[in-house]
2 protein chains.
Amino acid sequence: MTTGRNASTPLRGRIDKRAAILDAALRVFVQEGYGLARVETIAERAGVAKPTVYNHFRDKENLFRTVILDGAQRTGDRIVAALDLLPDDGADLAGALTRVARNVIDCQLNDEGWALQRLMYAEAARFPDLFDDALRLGGAHVHIALAGRLARLAHRGHLDIDDADLAAGHFLALVSGDLPTLSALGTRAVTDHDLQAAIAAGVNTFLRAFNATPPDPNRRPAPTTRASTSR
Amino acid sequence: MTTGRNASTPLRGRIDKRAAILDAALRVFVQEGYGLARVETIAERAGVAKPTVYNHFRDKENLFRTVILDGAQRTGDRIVAALDLLPDDGADLAGALTRVARNVIDCQLNDEGWALQRLMYAEAARFPDLFDDALRLGGAHVHIALAGRLARLAHRGHLDIDDADLAAGHFLALVSGDLPTLSALGTRAVTDHDLQAAIAAGVNTFLRAFNATPPDPNRRPAPTTRASTSR
DNA sequence: GATATATTAAACTCGATCGTTCAACATAAT
DNA sequence: ATTATGTTGAACGATCGAGTTTAATATATC
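Parameters and conventions
Residues numbered from 1 in each chain as written. Chains lettered and ligands numbered in written order. Predicted model: local features only at pLDDT ≥ 70, side-chain atom pairs only at ≥ 80, totals over all residues. Heavy atoms only, no water. Helix = DSSP H or I, 4+ residues; strand = E, 2+ residues; numbered from the N terminus. Contact = heavy atoms within 4.5 Å. Axes fitted to C-alpha atoms, helices over the stretch in contact; angles between N-to-C directions. Parallel < 35°, antiparallel > 145°, perpendicular 65-115°, else oblique. Left-handed = near helix turned anticlockwise from the far one by under 90°. Buried area = accessible area lost by both parts, 1.4 Å probe. Salt bridge = Lys/Arg side-chain N within 4 Å of Asp/Glu carboxyl O. Polar contact = N/O pair within 3.5 Å; in protein donor to acceptor, adjacent residues only side chain to side chain.

By the naming in an unreviewed UniProt entry, chain A is Transcriptional regulator, TetR family, taken from Frankia torreyi.

This is how it looks when you write it as structure tokens:
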């Protein structure tokens, strides 16, 4: 065991040990839950001695809080960045929305994204304030950014939206609502097929509700990749 | 301490001690998480001695599994029962859907419902099979029941739905997608006003997408139901 | 090279918790 | 009244984990 300072432990600079600890801590916290996660395990997985953990972070609780807030920040930023690929013109709205949804979900289906979500759910009772902070750092930015994009599309006549904030929420709900079930709360891998089907269906419904220029008054906007939706 | 066998301990029948233990266990597990939940605390809250807990349930893990599956079963049954009030005729579709959504949500916003959801999220990594079982017992029934109701409404021409299963998922997502954010994962009470607004908006979008008889081609189906809806 | 700082392994303190054991007690049926 | 079963409080053994201390070592700065 003692994987101490073997050749496998590069002994890189000092600063990034903090990052290594945060990374390992996230994985261990998710796997074991806050209560059963052992600081020594975290130290081992980070390739670091236990006192080093206590040197960087005062105690277990402080480490946990930092893990959550750091992760929420990064995940939120990544999603907001993904929103950049939503064009302002209405060309191929369905395709653009599908790609956006795919990117947003890729950030949340991420090992890290699910891990954070599960951790927050898990420990929301013990750290009530923490969830609010994480939401402000992560979710809120995503919501606002998406709402802004949708509002611009609506303003140019490509979408029929009066409350962009609401529409953004509904878009996210439609497109990712099935994910917890499909992935068993992130513990099971989702097949690409199921994921694409879920996204296509969500985009489809979203456009049925908000598309400003229905190609045919009585038709669904797009046949949307006839997902068999087995189960 | 020793709140032993005072007048405060009714010493009721033997069987319902099992129920009392399950009830207390759910609350304590939710509050503390699986790892930090103390069996002794559960015993105290149930008004029962610790060995009694081990008498009814082999160990902590077995107790936990029983708590989850029991709760999922009951919550699912309650929601399915709530779906009964969705009428088959299309009279006042928006009102009926709103009431259904309200009832479904009341079962999930329930202390117990949130508790179960949070626990499953929390311990999904440690008990992977447990989540699947709970989903089968709880969520699946709800989904199927709602899909059946929607399919009947569609068949009678009141809704424009080709895949009722998908529509059911989208309805639930639209109507309850904002709840985790609003209630801070169930740790904060949601004001009735916010809840009604979220439901109304969800139903509104759902009908924009699936209503078979839009009252006006260019209008939203309902101005978000200013709804007195007592309570 | 000398000095200040960060890291390491190991051992330690201290408290908490699981699951068990046991003697006394309640309850129901015989 | 007696027997069988379930409950109770209390204490116990064993383990486990958070956080600290220490002496030695590696690194960075001067």
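Additional details are given in the paragraphs that follow.
## Considerations on the side chain of Thr66 of chain B
Within the secondary structure layout, Thr66 of chain B lies in helix H4 (residues 60–82). Apart from the residues lying within four places of it in its own chain, the contact partners of Thr66 of chain B are Arg18, Leu22 and Phe57 of chain B.

## Observations concerning the packing of H4 of chain B against helix H6 (residues 111–123) of chain B
All names here are of chain B. In the contact formed by H4 and H6, the axes pass within 10 Å of each other and the chain directions differ by 135°. The orientation of H4 with respect to H6, classified from their angle, is oblique. Handedness of the H4/H6 crossing: left-handed. Counted together, Phe64, Val67, Ile68, Gly71, Ala72, Arg74, Thr75 and Arg78 of H4 and Glu112, Leu116, Leu119, Met120 and Glu123 of H6 form the full contact between these two elements.

## Some thoughts on the interface of chain B and chain A
Taken together, the 41 residues of chain B in the interface contact 41 residues of chain A. Across the interface of chain B and chain A, roughly 3800 Å² is buried in total on both sides, 60% from carbon and sulfur atoms. Contact with chain A buries surface across chain B, with Tyr121, Leu185 and Arg208 of chain B losing the most and accounting together for 20% of the total. Measuring nitrogen to oxygen at the nearest pair gives 3.7 Å for the salt bridge that ties Arg126 of chain B to Glu32 of chain A. At the surface where chain B touches chain A, the tally comes to 12 residue pairs in polar contact (both at pLDDT 80 or more). Elements with a minimum of two residues in the side of chain B that touches chain A: helix H1 (15–36), H6, helix H7 (128–137), helix H9 (164–176), helix H10 (179–182) and helix H11 (192–210) of chain B. Among the elements that line the side of chain B that touches chain A, the one with the most residues is H1 of chain B, at seven residues.

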